[in-house]
Every structure is written in C-alpha cells, then in structure tokens.
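Residue-level structure breakdown
Chain residues, written in single-letter form:
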Amino acid sequence: MLVVYLHRIGWILGLTLLQALILNNIHIFGYATPFIYIYFILKLDSGVSRNELMLWAFFLGLTIDVFSDTPGMNAAASVFVAFSRPGILRLFMPRDALESVVPSFKTMGISSFLKYVVAVVLLHCLLLLAIELFTLSNVWMLLLRVVSSAFLTSVCIVGLEGIRK
C-alpha cells in the first residue's frame, strides 16, 4: 500500500512541475491552455473511494494553486471533477468490467476512453475557467476558451496515454 501512495505522490509531483513550469506558460492564440494535471484524476483506478479520490484531487489542485498563484481555483475544479468522476466513469465503462479497473484504451476501448476523457476535461475546463473569469458578461469568450482548452488538454492526455501504452 505504501508503494501505491509513493507512486501517486510521484505522479502528483511530476504533473505539478510539468504544469507549473511549462504548460501554464502556453497560451495558444491567447485562448487555449493545456491542463494536463487532471490526467492523475482520470487514471486513478475505479476501486478508489470517492472520499479518497477527492482528497487526492484536493492536494493536486492545491499544489497547482501554490505554484500558479491561483487562490483555490484549481483545487475547487479538481475536487468537483473527482466528485463527478465515478458517475461519469460508470457511463462509459463496459458493464462486464471488473470492480477495480484503471481507465485506459485497453480496459475501456478507444471510443469509450475518448468519450470519458473529453467529458471529464470539458467539465474541468468549464468550472476552472468560469471561476477564473467569474462573470457571464462575455459568454462567447468563456465558451471559446473552454472548448479550445478542453480540446488541447484532451489531445495532450490522449498523447500521454499513447506514450505510456
């Protein structure tokens, strides 16, 4: 069990450094920013309890917030995604799957995994960018940023999953 926790802490540190040092400085056309750190939340096995998942997501979001100087925005979005993840995972997981499965191309199938990634990433980007803008005066700008960031993040996550495979 200790090895599992150390492995998760290593992933959190690696994704936090990648996000804070490199990806937070990428703004394609001023709209799209990849949020690759949610890959950690996506890849936790389905047997993890919702409370444990929310704790891991909170610490991940909090470390991103500390390095990005965003007071609680990433933590709030990450915890909400972690809270919603079991329901979203049940939508796309095959019915005959085992109790504790790590979501991937191999375990879910390509189309189900892509739908799962896009759904979770869209939810995360919508919440994070809505908190960041904190206004609905320019809804089209918000939607453009959400869709472009979600697309870029989804492409990065699928690429990372392909490399890990």
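All of the points below concern the structure found in this document. (Residues numbered from 1 in each chain as written. Predicted model: local features only at pLDDT ≥ 70, side-chain atom pairs only at ≥ 80, totals over all residues. Heavy atoms only, no water.)

Considerations on the overall build of the protein
Within the protein, the secondary structure is distributed over seven helices and zero strands. Its C-alpha atoms give the protein a radius of gyration of 15 Å, near enough to 15 Å, the size a compact globule of 165 residues would have. Each of the three principal axes of the protein carries a C-alpha extent, and together these read 45 × 30 × 30 Å. Put simply, the protein has 165 residues, and 43% of those count as buried. Pairs at least 24 residues apart make up 70% of the contacts formed inside the protein by residues separated by at least 6 positions. Total accessible area computed for the protein in this model is approximately 9,100 Å², and 72% of it derives from carbon and sulfur atoms. Charged side chains in the protein number 11 positive and 8 negative. The centres of these two groups are separated by 8 Å. (Helix = DSSP H or I, 4+ residues; strand = E, 2+ residues; numbered from the N terminus. Rg over C-alpha atoms; globule rule 2.2 N^0.38 Å. Buried < 20%, exposed > 50% of the residue type's maximum accessible area, 1.4 Å probe, protein only. Contact = heavy atoms within 4.5 Å. Areas by Shrake-Rupley, 256 points an atom, 1.4 Å probe, with all protein chains shown as cover. Lys, Arg positive; Asp, Glu negative; His and termini not counted. Charge placed at Lys NZ, Arg CZ, Asp CG, Glu CD.)

Here we look at the packing of helix 4 (residues 73–92) against helix 6 (residues 110–133)
Two numbers describe how helix 4 lies on helix 6: the axes approach to 9 Å, and their chain directions differ by 155°. Here helix 4 lies roughly antiparallel to helix 6, going by the angle between them. Crossing of helix 4 against helix 6: the hand is right-handed. Between helix 4 and helix 6, the residues in contact are Met73, Asn74, Ala76, Ala77, Ser78, Phe80, Val81, Ser84, Arg85, Ile88, Leu89 and Phe92 and Ser112, Lys115, Tyr116, Ala119, Val120, Leu123, His124, Leu127, Leu128, Ile131 and Glu132, respectively. Among the residues forming the contact of helix 4 with helix 6, the class breakdown is 15 nonpolar, five polar and three charged. (Axes fitted to C-alpha atoms, helices over the stretch in contact; angles between N-to-C directions. Parallel < 35°, antiparallel > 145°, perpendicular 65-115°, else oblique. Left-handed = near helix turned anticlockwise from the far one by under 90°. Nonpolar A, V, L, I, M, F, W, Y, C, P; charged D, E, K, R; others polar.)

Considerations on the environment of Asp45
Its place among the elements puts Asp45 in the loop between helix 2 (39–43) and helix 3 (50–68). It is 6.6 Å that separates the C-alpha atoms of Asp45 and Pro103, two residues lying 58 residues apart in sequence.

Let's talk about the nonpolar core
Tyr37, Phe40, Ile41, Tyr116 and Ile157 are the most contacted members of the largest nonpolar core, which has 41 residues in total. Breaking this core down by element, the ones donating at least two residues are helix 1 (2–21), helix 2, helix 3, helix 4, helix 5 (105–108), helix 6 and helix 7 (139–164). Here this core takes eight residues from helix 6, the largest share from any one element. If we ignore the near neighbours within four places in the chain, the residues touching Tyr37 are Leu15, Gln19, Leu60, Ile64, Asn74, Ser78, His124 and Leu128. (Core = buried A, V, L, I, M, F, W, Y, C linked by side-chain atoms within 4.5 Å.)

A word on the state of the cysteines
In the structure shown here, the tally under the stated rule is zero disulfides. For the unlinked cysteine Cys125, the closest cysteine sulfur is that of Cys156, found at 11 Å. (Disulfide = S-S within 2.5 Å.)

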